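Observations on the three-dimensional arrangement
Chain by chain, the residues run as shown.
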Amino acid sequence: MPTISSDYKLVLTAHKPAGTQIKINREESLGGPTFVTMAGPCTVEDEKQMDEVARAVKRGGASVLRGGAFKPRSSPYSFQGLGKPGLQMLRAAADRYDLRVVTEIVSENQIDLIERYADILQVGARNMQNYELLKALGRATKPVLLKRGIAATIDEWLSAAEYILAGGNEQVILCERGIRTFATHSRFTLDLAAIPIVKKLSHLPVVVDPSHAAGNNNLVIPLALAAVMAGADGLLVEVHDNPSTAYCDAEQALTPMQFLELSSRMRDIACGTGRVIY
Ligand code: PEP
Ligand code: MN
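Residues numbered from 1 in each chain as written. Chains lettered and ligands numbered in written order. Predicted model: local features only at pLDDT ≥ 70, side-chain atom pairs only at ≥ 80, totals over all residues. Heavy atoms only, no water.

Quick notes on the site of ligand 1
The immediate surroundings of ligand 1 are formed by Cys-42, Arg-66, Lys-71, Glu-104, Gln-122, Gly-124, Ala-125, Arg-126, Lys-147, Arg-177, His-212 and Glu-238. Between an oxygen atom of ligand 1 and a side-chain N or O atom of Lys-71, the distance comes to 2.9 Å. Protein contacts shield 97% of the accessible area of ligand 1, which totals 300 Å² for the unbound molecule. Within the shell around ligand 1, the residues separate by chemical class into two nonpolar, three polar and seven charged. (Near = heavy atom within 4 Å. Polar contact = N/O pair within 3.5 Å; in protein donor to acceptor, adjacent residues only side chain to side chain. Areas by Shrake-Rupley, 256 points an atom, 1.4 Å probe, with all protein chains shown as cover. Nonpolar A, V, L, I, M, F, W, Y, C, P; charged D, E, K, R; others polar.)

Some thoughts on the coordination of the manganese ion (ligand 2)
For the manganese ion (ligand 2), the full set of protein donor atoms is Cys-42 (SG), His-212 (NE2), Glu-238 (OE) and Asp-249 (OD), at a range of 2.0 to 2.4 Å. Along the chain, the residues donating to the manganese ion (ligand 2) are arranged with the sequence spacing C-x169-H-x25-E-x10-D. Of this pair, Cys-42 sits in the loop between strand E3 (34–40) and helix H1 (47–59) while His-212 sits in helix H7 (residues 210–214), and the two are 170 residues apart along the sequence. (Donors = N, O, S within 2.8 Å, 3.2 Å for Na, K, Ca; no water. Helix = DSSP H or I, 4+ residues; strand = E, 2+ residues; numbered from the N terminus.)

Describing the nonpolar core
Counting residues in hydrophobic clusters, the biggest one holds 74 residues, and the most contacted among them are Leu-137, Leu-146 and Leu-262. With seven residues, the top contributor of residues to this core is helix H5 (residues 154–166). If we skip the residues at most four places from it in the chain, Leu-262 touches Ile-221, Ala-224, Leu-225, Leu-235, Val-237 and Leu-254. Membership of the second largest hydrophobic core comes to 13 residues, among which are Val-36, Val-64, Leu-145 and Ile-173. (Core = buried A, V, L, I, M, F, W, Y, C linked by side-chain atoms within 4.5 Å. Buried < 20%, exposed > 50% of the residue type's maximum accessible area, 1.4 Å probe, protein only. Contact = heavy atoms within 4.5 Å.)

So, the packing of aromatic side chains
Across all of its chains, the model carries two aromatic pairs by this definition. Aromatic pair Phe-79 and Tyr-247: ring centres 4.9 Å apart, planes at 85°, arrangement edge-to-face. Here Tyr-247 lies in the loop between strand E10 (234–238) and helix H9 (256–270) and Phe-79 lies in the loop between strand E4 (64–66) and helix H2 (84–96), a separation of 168 residues in the sequence. The exposure class assigned to Phe-79 is partly exposed, which follows from its relative accessible area of 26%. (Phe/Tyr/Trp six-rings, centres within 6.5 Å; stacked < 30°, edge-to-face > 60°.)

Observations concerning the pattern of salt bridges
Using the criterion set out here, one finds 15 salt bridges in the structure. Taken together, the shared-partner salt bridges connect Asp-51, Arg-55 and Arg-96 into one network. (Salt bridge = Lys/Arg side-chain N within 4 Å of Asp/Glu carboxyl O.)

Remarks on unusual backbone geometry
For residues that are not glycine, phi is negative in most cases, and the peptide bond is trans in most cases. Despite not being glycine, Asp-98 has its phi angle at roughly 55°, a positive value. Even without being a glycine, Asp-249 presents a positive backbone phi close to 55°. Examined against the element boundaries, Asp-249 turns out to sit in the loop between E10 and H9.

A look at the environment of Val-144
Tracing the sequence through the fold places Val-144 in strand E7 (residues 144–147). When the C-alpha atoms of Val-144 and Gln-129 are compared, they prove to be 14 Å apart, with 15 residues separating the residues in sequence. Among residues more than four places away in sequence, those in contact with Val-144 are Ile-120, Leu-121, Val-123, Leu-137, Ile-164, Asn-169, Gln-171, Val-172 and Ile-173.

Focus: the side chain of Ser-107
On the secondary structure map, Ser-107 appears in the loop between strand E5 (100–104) and helix H3 (111–117). One polar contact links the side chain of Ser-107 to the main-chain amide nitrogen of Asn-109, over a distance of 3.0 Å.

Points about the environment of Val-239
Relative to the helices and strands, Val-239 resides in the loop between E10 and H9. Overall, the relative accessible area of 1% leaves Val-239 in the buried class. Sequence-wise, Val-239 and Cys-42 are 197 residues apart; in three dimensions their C-alpha atoms are separated by 7.7 Å. Here Val-239 is in contact with Ala-39, Gly-40, Pro-41, Val-53, Val-57, Leu-254, Thr-255, Pro-256 and Phe-259, once residues within four sequence places are set aside.

What to know about the side chain of Lys-147
The residue Lys-147 is located in strand E7 in this model. There is a polar contact of 2.6 Å between the side chain of Lys-147 and the side chain of Asp-209. Among residues more than four places away in sequence, those in contact with Lys-147 are Arg-66, Gln-122, Val-123, Gly-124, Ala-125, Met-128, Trp-157, Cys-175, Arg-177, Asp-209, His-212 and Leu-236.

Considerations on H9
The terminal C-alpha atoms of H9 lie 21 Å apart, and with 15 residues this matches the ideal 21 Å at 1.5 Å per residue to within 8%. Taken together, the buried positions of H9 are Phe-259, Leu-262, Ser-263, Met-266 and Ala-270. Angular distribution of buried residues about the axis of H9 spans 100°; they occupy a single face of the element. More than 90 degrees from the buried face of H9, the exposed residues found are Met-257 and Asp-268. For H9, the elements touching its buried residues are E3, H1, helix H8 (217–229), E10 and strand E11 (276–277). (Expected span 1.5 Å × (residues − 1). Arc of directions from axis to C-beta.)

Some remarks on the pairing of strand E6 (residues 120–123)
In the case of a regular strand, side chains alternate between the two sheet surfaces. Residues Ile-120 and Gln-122 of E6 are buried on one face, and the alternating residues Leu-121 and Val-123, pointing to the opposite face, are buried as well. The sheet contact formed by E5 and E6 spans three bridges and is parallel. Looking across to E6, one finds that Glu-104 is bridged to Gln-122. In terms of strand pairing, E6 meets E7 through three bridges, oriented parallel. When the bridges of E7 are listed, Val-123 appears paired with Leu-146. Following the chain from E6 across helix H4 (residues 131–137) to the adjacent parallel E7, one finds a crossover that is right-handed. (Pairing = 2+ DSSP bridges. Right-handed = clockwise from strand over helix to strand, strands pointing away.)

Next comes the structure, spelled out in structure tokens:
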């Protein structure tokens, strides 16, 4: 059973029983009646890639374009992201297709820069317990998507969110992206139970990232569909126009065709969840 810890209070349902809704665009809010899809490549690579992915995800009903310009890579020798030019490509592609932008922030020094280009600031799993970053994001003006750490309990995850709310920013989206277990046939284990648990404990919207949990594009669609049925408010999913050439997370990227298949299957099951999926 979930425990109500005194380590957090502002994130609790009792603090805001009506729930938090985060405005995405004129029609959609995260935490509202519409299921919000955020999709795009793991990392921004070039203008052509961003244009093709943005067009594809828009066609599949996404309302937010994802793409990392600052990548927290496990190895210092892996591609670290394009930085500011990447943010500019991401914003330009999103604007061409009337999409909003979510991108990762890895340091508190980047808040001003990233807020200029993004609509939602993503805190990655590796930074969920970077408390200086969380405190700084409490002073940010844009919503924060807070991923669950790979070995974080639900209490630790909610305590991390509490830092941002306590700092004055109430616009927080929780993102379940899989935790580390003894399972070896998927990259991580998607904790589906966390969705209804956190939705009961907290007023914050909950989205699911099936891509990093899966590590393999064959698993992404079933995990995404399970997340819809488990009551998630939205999805964060990796899509690449040509996964075989992706700079990072190639194995887990959906092709544009697979993304369209996912969108149509999500729409088919949405009626059972009481939500609208575009
Ligand atoms: C990402 O979204 O590309 C990412 C790095 O995810 P995570 O922080 O969940 O590993
Ligand atoms: Mn990735």
